[in-house]
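# Commentary on secondary and tertiary structure
What follows is each chain in one-letter form.
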Amino acid sequence: MLSLALGAGLVPALAPAALAASATTTSAPATSTPAAPSAEALGRRVAAVATAQIGMPYAWGGGDRLGASLGFCDEENGWLNGVCMGEKTVGFDCSGLSLYCWYRASHGAVELGHYTVAQFNRSAPVDRAALAPGDLLFFSRPDAPLHHVGVYAGDGAMIHAERTGTLVARVENVLDVPRWAGEFAGARRPAPPAD
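Described below are features of the structure shown in this document. For clarity, every value in this text was computed on a predicted model and none was experimentally measured. Per chain, residues are indexed from 1 in the order of the written sequence. Side-chain atom pairs in this predicted model are given and counted only at pLDDT of 80 or more, local residue features only at pLDDT of at least 70, and totals for whole chains, interfaces and linings cover all residues. For the side-chain quantities, the full set of heavy atoms in the structure was used; hydrogens and water were omitted.

### Digging into the packing of aromatic side chains
Put simply, the rule is: Each Phe, Tyr or Trp ring (for Trp, its six-membered ring) is paired with any other whose centre lies within 6.5 Å, and the angle between the two planes then decides the class: stacked below 30 degrees, edge-to-face above 60, tilted in between. Helix numbering and strand numbering both begin at the N terminus, where a helix is a DSSP run of H or I of at least 4 residues and a strand a DSSP run of E of at least 2. Each residue gets one of three labels from its accessible area relative to the maximum for its type: buried under 20%, exposed over 50%, partly exposed in between, using a 1.4 Å probe on protein chains only. Criterion for a charge above a ring: Arg CZ or Lys NZ at most 6 Å from the ring centre, at most 35 degrees from the ring normal.
Counting across every chain of the model gives four aromatic pairs. Geometrically, the ring pair formed by F120 and F138 is edge-to-face, given 5.1 Å between the ring centres and 90° between the ring planes. Taken as a pair, F120 in helix α4 (residues 116-121) and F138 in strand β6 (residues 136-141) lie far apart in primary sequence, 18 residues in all. Side by side, F120 and F138 carry an identical accessibility label, which is buried. On the basis of an interplanar angle of 65° and a centroid distance of 4.9 Å, the ring pair of F139 and W180 is categorised as edge-to-face. Taken as a pair, F139 in strand β6 and W180 in helix α5 (residues 178-183) lie far apart in primary sequence, 41 residues in all. Across the pair, W180 and F139 agree in class, each one buried. Each member of the aromatic cluster is reached from another via a ring pair, and the members are F139, W180 and F184. In this structure, R179 packs its charged tip against the face of W180, placed 3.8 Å from the ring centre. Positioned above the aromatic ring of F120, the side-chain terminus of R188 is 4.1 Å from the ring centre.

Below, the structure is given as structure tokens:
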């Protein structure tokens, strides 16, 4: 039944494409559509997905490839004023946000782990001068190596889920803000696996 329902939903979507294809003249040269979008287009889509999450609550452990999810608390994280907010909040933590944005924008081709260090290790380094929308910005402190990740939105801005009690937000000129500049550990760019 599900396949019939899904198939029925595709017919209207395919009809305009079929009409457009039949309207093409045979004298036009045939061009092939690339199977994967350019890295630039993919990065812009990642940034757009991140932008759409602005205002979602922070939830420690929250977020997966399907979107915001219920978080949890451990000994140190997910608490606010002595109350475990993680178990009561549907939202994203920093790595949950970045994994969701990349998974959604790549249509499932890029699946990052839900752990900042894993995301760092699964991505290629990017020079600060070459930052592009969708790149991941990583932050570190001596007491918390690679403790935070955000999605670069372009124009110096980052979209991130910072901590319990906050909402997903955009930080303008992030690498000029003393707190973030002092903790900046580098930028990385995920990519779909090579065929």
